[in-house]
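Structural characterization, general
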Amino acid sequence: MSEPKEMSTETRSLIAAVLCLIVIAGWSLIYKPPQPVPPPTTNPTPVVSGPGAPSYAIPPAGAVAATPATLRAAGEESTVTVESDLYRVQISNRGAVVHSWQLKKFTDDYSPPRILDVVHTDAAQAGGWPFALALDDPQQEATVNNALFQVTSSDPAATDVKTGSILHAPADVTFAWSDGHLEVTKHLIFDPTYIVTVQTTVLLDGRPLRSSLSWRGGFGDITAYRAALQTQVFTSAAGKLNTLAAKNLGQSGQSATRATLPGPFDFVGIEDLYFAAAFLPPVTPHGDVAQAPLALTSRTLQHNTVIDGKPEVEILPEMAAGPSVPGPTDLRVYVGPKSIDGLKAVRPPLNSLVQFGWWGFISEPLFYSLRWLHQYVPNYGWAIVLITILINMVMFPLKVKSMRAMIKMQKVAPEIKSIQERYKKYTMRDPRKAEMNKEVMAVYSREGINPLGSCWPTLIQMPIWFGLYRMLANTIELRHAPWIGWIHDLSARDPYYILPIVMAVSMYFMQKMTPTPGMDPSQARMMAMTPLIFGGMFALSPSGLALYILSSNMIGIGQQWYLYRSTPPPPKPSRGPGKKK
C-alpha cells in the first residue's frame with residue numbers, strides 16, 4: 001500500500017485559508033452573544049385580573065379619593081401629519097399612535113421603489129401600532145390605545161388640528177383624553193432632525209401610573225430579504241451594547257408573553273440591518289443627557305404572511321421603554337438610518353449600532369477611505385476599484401518578494417523532491433519523517449528561502465476581504481449604491497452571478513501564472529478546484545466584495561506578467577540520459 005504524498009507548504013496554507021473562510025462565515029451566521037435572562041416582571045401598581053375584575057387598579061386601603069378628571073374625548077377618528085425634509089409621520093388620534101413613518105431619503109426594494117416606511121401596516125393592524133402605551137393593567141392599556149384623543153398644537157397656524165392637517169417641523173402636537181378617572185396626555189415635539197421628543201403622563205384619579213412608550217408591529221424595511229429575521233431589540237448599559245433576538249424576548253420560554261427588564265439602561269430600541277428606532281433619555285436645559293435610566297418591556301408577535309408565494313408565520317419583536325416607577329415618561333426617540341456619523345452626533349452616541357464584529361479595525365478605516373474617494377469619484381463601485389488599486393500598489397513590494405521566493409523554490413524543487421523520494425517509504429508517524437523535514441528546511445535555509453513567503457500576499461488579503469464584507473453588509477451608505485449596468489446595489493448579491501463567475505475565471509488564470517514548485521498532480525487537481533470553491537462562496541456575498549476580488553485578481557495578473565518579464569523563471573531541469581521525452 002503506497003504512502004500518501006506529502007503536501008507542499010503552499011497547498012497546506014491554501015487549505016487553511018479556505019477553512020478559515022468557511023469557519024468565519026459560519027461563525028458570523030450562527031454566533032450570537034449570550035443573552036441576559038429576563039427577571040420576573042414587577043408591577044408597581046397592584047392590579048386585579050381575571051373574570052369579573054375591575055377595569056382599573058384597586059387603590060391601596062386608606063387612600064384619599066382624588067377629584068375626578070374632566071371628561072375629554074374627540075368625536076371622531078382623525079389623523080395629523082408632521083413632516084420635514086427627512087421624514088413624514090402620520091399619527092392617528094385613536095390611541096395617539098403612529099400609522100406611518102416614512103424616511104424620505106430612502107427607498108425600499110419594491111419595483112418601482114417606494115419611499116421607505118418603517119411601520120408595517122399589516123402587522124400593526126393585528127398587534128398594535130408604534131407609540132402605543134404599555135401599562136401594567138391590560139384593560140387600562142386596551143382602553144387608552146383605542147380611545148379617541150383630542151388633538152391640539154401650539155403652532156398658531158394649526159391650533160385646532162383637523163383631519164388631514166399637515167404640520168412642518170419644528171412642530172408639536174398634544175393628544176389628550178380622559179374618561180373622568182383615567183387621564184392620558186401625550187405631547188410630541190418634532191425636530192427637523194430624526195429625533196422626536198415624547199412626553200407622556202398617565203393618571204388614575206389623579207395618581208400617576210407607570211407607563212412605557214412602545215414600538216409594535218415590526219420595524220424597518222419590510223421588503224428586505226427575511227426582514228423579520230433581521231429585526232432585533234437592543235439595550236445599552238454602561239456603554240455596552242447588547243442585542244436580543246426574538247427568541248430571547250418576553251418571558252423565558254414564552255416570548256409572546258410580556259416581560260420587563262428593569263435595567264437600568266442608557267438607551268433601548270429596535271433595529272434592522274440599516275435602520276433603528278432608539279429610545280433615549282431627555283436632555284437637560286444645559287444640553288446634557290439627563291440621568292433617567294430606562295426599563296425595557298418586550299415580547300413577540302406572530303404574524304401570518306406570504307414569503308416567496310408560501311404562507312409563513314413571522315415572529316416580530318416588540319418593545320417598550322419607560323421608567324421602572326410610576327410617574328411621567330419623558331423620552332427622545334431617534335427613528336432613522338444607521339449612519340455612522342449621524343449616530344455619533346446623537347447624545348448619547350449610537351454608533352455602536354453599526355456592528356462590524358471582529359473586523360471593525362479594518363471595516364471602519366475602509367469605510368472612511370471609500371467615502372473620501374466618493375467625494376471625487378461619485379460612484380461607490382469605481383471607488384472600490386480605486387481603493388483596490390491603491391491596496392495592491394502598497395502590497396506590490398511584498399508580491400515581488402513572494403515571486404522571488406517562489407522562483408527560488410522552483411530552483412531547488414528537484415533537490416527537495418529527491419529528499420522526499422528517499423523518505424517516502426516511511427509512514428507519517430515514523431520518527432524518520434522528522435529527519436526529512438530537517439533536510440528540507442536545511443535546503444531552504446541554505447538558499448535563503450522562507451517557505452511561507454509566497455503565501456503572505458494571500459494571507460494579508462483575507463482580513464481585508466472579511467473587513468470589506470462586514471462594511472458592505474452594515475453601512476447604509478452602500479445600501480442601494482449602484483455600479484454599472486446590472487449592479488444596482490453593491491451591498492446585495494449579483495442577481496445574475498456574473499461578477500462571481502468572472503472572478504473565479506480570473507482566479508484560475510492567476511493561479512496558472514503562479515509557480516507551484518514541488519506540487520504533485522493530485523495536489524494540482526485540488527488547487528484547480530479552488531477558483532470554483534471561492535466563486536461559490538462569494539456568489540451569495542455582496543457584489544461589492546466580488547468586485548473587489550475581481551479587481552484585485554486583474555491587477556495581480558498584470559503584476560505577475562510584469563514580474564515574469566523582469567525576472568524570468570529558471571529553466572526546467574534536463575531529463576538526463578536514457579529518459580524518454
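Everything discussed here concerns the structure shown above.
Attention here is on the structure that accompanies the text.

Cut-offs applied
- Residues numbered from 1 in each chain as written.
- Predicted model: local features only at pLDDT ≥ 70, side-chain atom pairs only at ≥ 80, totals over all residues.
- Heavy atoms only, no water.
- Helix = DSSP H or I, 4+ residues; strand = E, 2+ residues; numbered from the N terminus.
- Buried < 20%, exposed > 50% of the residue type's maximum accessible area, 1.4 Å probe, protein only.
- Contact = heavy atoms within 4.5 Å.
- Areas by Shrake-Rupley, 256 points an atom, 1.4 Å probe, with all protein chains shown as cover.
- Axes fitted to C-alpha atoms, helices over the stretch in contact; angles between N-to-C directions.
- Parallel < 35°, antiparallel > 145°, perpendicular 65-115°, else oblique.
- Left-handed = near helix turned anticlockwise from the far one by under 90°.
- Nonpolar A, V, L, I, M, F, W, Y, C, P; charged D, E, K, R; others polar.
- Pairing = 2+ DSSP bridges.
- Salt bridge = Lys/Arg side-chain N within 4 Å of Asp/Glu carboxyl O.
- Phe/Tyr/Trp six-rings, centres within 6.5 Å; stacked < 30°, edge-to-face > 60°.
- Core = buried A, V, L, I, M, F, W, Y, C linked by side-chain atoms within 4.5 Å.
- Expected span 1.5 Å × (residues − 1).
- Arc of directions from axis to C-beta.

Along the protein chain, the regular secondary structure elements total twelve helices and 20 strands. When burial is assessed residue by residue, the protein chain has 49% of its 581 residues classed as buried. Considering only contacts in the protein chain between residues 6 or more positions apart, those separated by 24 or more positions represent 69%. Summed over its atoms, the accessible surface of the protein chain is roughly 29100 Å², and 61% of this surface lies on carbon and sulfur atoms.

Each pair of packed helices can be described by the angle between their axes along with the distance between the axes. Two elements in contact, helix 6 (residues 380-423) and helix 12 (residues 543-566), have axes separated by 9 Å at closest approach and are oriented at 40 degrees. The orientation of helix 6 relative to helix 12 falls into the category oblique. Between helix 6 and helix 12 lies a crossing whose hand is right-handed. Here Gly 381, Ile 384, Val 385, Thr 388, Ile 389, Ile 391, Asn 392, Met 393, Phe 396, Lys 399, Val 400 and Met 403 of helix 6 come into contact with helix 12, specifically with Gly 544, Leu 547, Tyr 548, Ser 551, Ser 552, Ile 555, Gly 556, Gln 559, Gln 560, Tyr 562, Leu 563 and Tyr 564. Of the residues in the contact of helix 6 with helix 12, the class split is 14 nonpolar, nine polar and one charged.

With that settled, consider unusual backbone geometry. Cis geometry marks the peptide bond from Ala 169 to Pro 170, where omega comes out at 0 degrees. Inspection of the secondary structure assignment puts Pro 170 in the loop between strand 7 (165-168) and strand 8 (171-178). Cis geometry is found at the peptide bond from Gly 263 to Pro 264, where omega equals 5 degrees. Looking at the secondary structure, you find Pro 264 in strand 15 (residues 259-265).

Summarising the sheet, strand 8 and strand 9 (residues 182-190) pair through eight bridges and their orientation is antiparallel. Looking at the pairing, Trp 177 lines up with Val 184 of strand 9. Turn length for the strand 8-strand 9 hairpin, with the two strands adjacent in sequence and antiparallel, is three residues, and the turn residue Gly 180 shows positive phi of about 100 degrees. Examined bridge by bridge, strand 9 and strand 10 (residues 195-204) share nine bridges and lie antiparallel to one another. Of the residues in strand 10, the one forming a bridge with Lys 186 is Thr 200. Taking the residues between adjacent antiparallel strands as the criterion, strand 9 and strand 10 are bridged by four residues.

Moving on, we come to the pattern of salt bridges. Enumeration according to the criterion identifies 17 salt bridges in this entry. Where Glu 312 meets Arg 226, a salt bridge forms, and the shortest distance between an N and an O atom there is 3.0 Å. Here Glu 312, found in strand 19 (residues 310-322), pairs with Arg 226, found in the loop between strand 12 (211-215) and strand 13 (232-237); they are 86 residues apart in sequence, far enough to count as distant. With relative accessibility at 28%, the residue Glu 312 sits in the partly exposed group. A salt bridge links Asp 341 to Arg 371; its shortest N-O distance comes to 2.3 Å. One end of the pair, Asp 341, is in helix 4 (residues 340-345); the other, Arg 371, is in helix 5 (residues 360-376), and 30 residues separate them in sequence. Salt bridges linked by common partners bring Glu 83, Arg 88 and Lys 104 together as one network.

Below, the discussion takes up the sheet that holds strand 7. Reading across from one edge, 4-3-2-1-7 is the order of the five strands in this open sheet, with mixed pairing throughout. A single partner strand is all that each edge strand has here, and the edge strands are strand 4 (115-117) and strand 7. This sheet shows a mean twist of 20 degrees between the axes of neighbouring strands, independent of strand direction. Across six bridges, the pairing between strand 2 (residues 87-92) and strand 3 (residues 97-107) is antiparallel. Residue pairing for strand 3: Gln 90 is matched across the bridge by Ser 100.

Turning our attention to the pairing of strand 13. The buried count for strand 13 comes to five of six residues, which makes it a mostly enclosed element. Pairing between strand 13 and strand 14 (residues 240-244): five bridges, direction antiparallel. Bridge assignment links Ser 236 to a residue of strand 14, and that residue is Leu 241. Counting the residues between successive antiparallel strands, the hairpin from strand 13 to strand 14 contains two residues, one of them, Ala 238, with a positive phi of roughly 55 degrees.

So, about the packing of aromatic side chains. Considering all chains together, one arrives at 19 aromatic pairs under this definition. A centroid spacing of 5.2 Å and a plane angle of 65 degrees characterise the contact between Trp 372 and Tyr 376, whose relative ring orientation is edge-to-face. Taken together, the residues Trp 372 and Tyr 376, both in helix 5 and four residues apart, mark about one turn of the helix. Judged by relative accessible area, which is 57%, Tyr 376 ranks as exposed. An aromatic cluster of at least three residues, connected via ring pairs, comprises Trp 101, Phe 131, Trp 215 and Phe 219.

Another aspect to go through is the packing of helix 9 (residues 498-513) against helix 11 (residues 530-538). Where helix 9 contacts helix 11, the two axes come as close as 8 Å, and the packing angle between them is 155 degrees. With respect to helix 11, the element helix 9 is oriented roughly antiparallel. With respect to the hand of their crossing, helix 9 and helix 11 are arranged in right-handed fashion. Between helix 9 and helix 11, the contacting residues are Pro 500, Met 503, Ala 504, Met 507, Tyr 508 and Gln 511 on the first element and Thr 530, Pro 531, Phe 534, Gly 535 and Phe 538 on the second.

With that settled, the discussion passes to the sheet that holds strand 5 (residues 133-135). Within the open sheet, the five strands sit side by side as 5-12-19-18-15. Their pairing is antiparallel. A strand with exactly one partner marks an edge of an open sheet, and here the two such strands are strand 5 and strand 15. Each adjacent strand pair in this sheet contributes to an overall mean axis angle of 35 degrees, direction not counted. Looking at chain direction, strand 18 (residues 294-307) and strand 19 are connected through 13 bridges and run antiparallel. Across the sheet, residue Leu 301 finds its bridge partner in strand 19, namely Leu 316.

This part takes up the nonpolar core. Within soluble globular proteins, side chains that are nonpolar tend to cluster in buried spots. Ranked by internal contacts, the top residues of the largest apolar core, which has 114 residues, are Trp 101, Phe 131, Trp 215 and Phe 279. When neighbours within four sequence positions are excluded, Phe 279 is seen to be in contact with Leu 213, Ser 214, Trp 215, Phe 267, Val 268, Gly 269, Leu 294, Met 319, Ala 321, Leu 331, Arg 332 and Val 333.

The end-to-end C-alpha separation of helix 5 is 25 Å, in line with the 24 Å expected for 17 residues at 1.5 Å each. Among all positions in helix 5, only Gly 360, Ile 362, Ser 363, Leu 366, Phe 367, Leu 370 and Leu 373 are buried. Angular distribution of buried residues about the axis of helix 5 spans 160 degrees; they occupy a single face of the element. Turned more than 90 degrees off the buried face of helix 5, the exposed positions are Phe 361, Gln 375 and Tyr 376.

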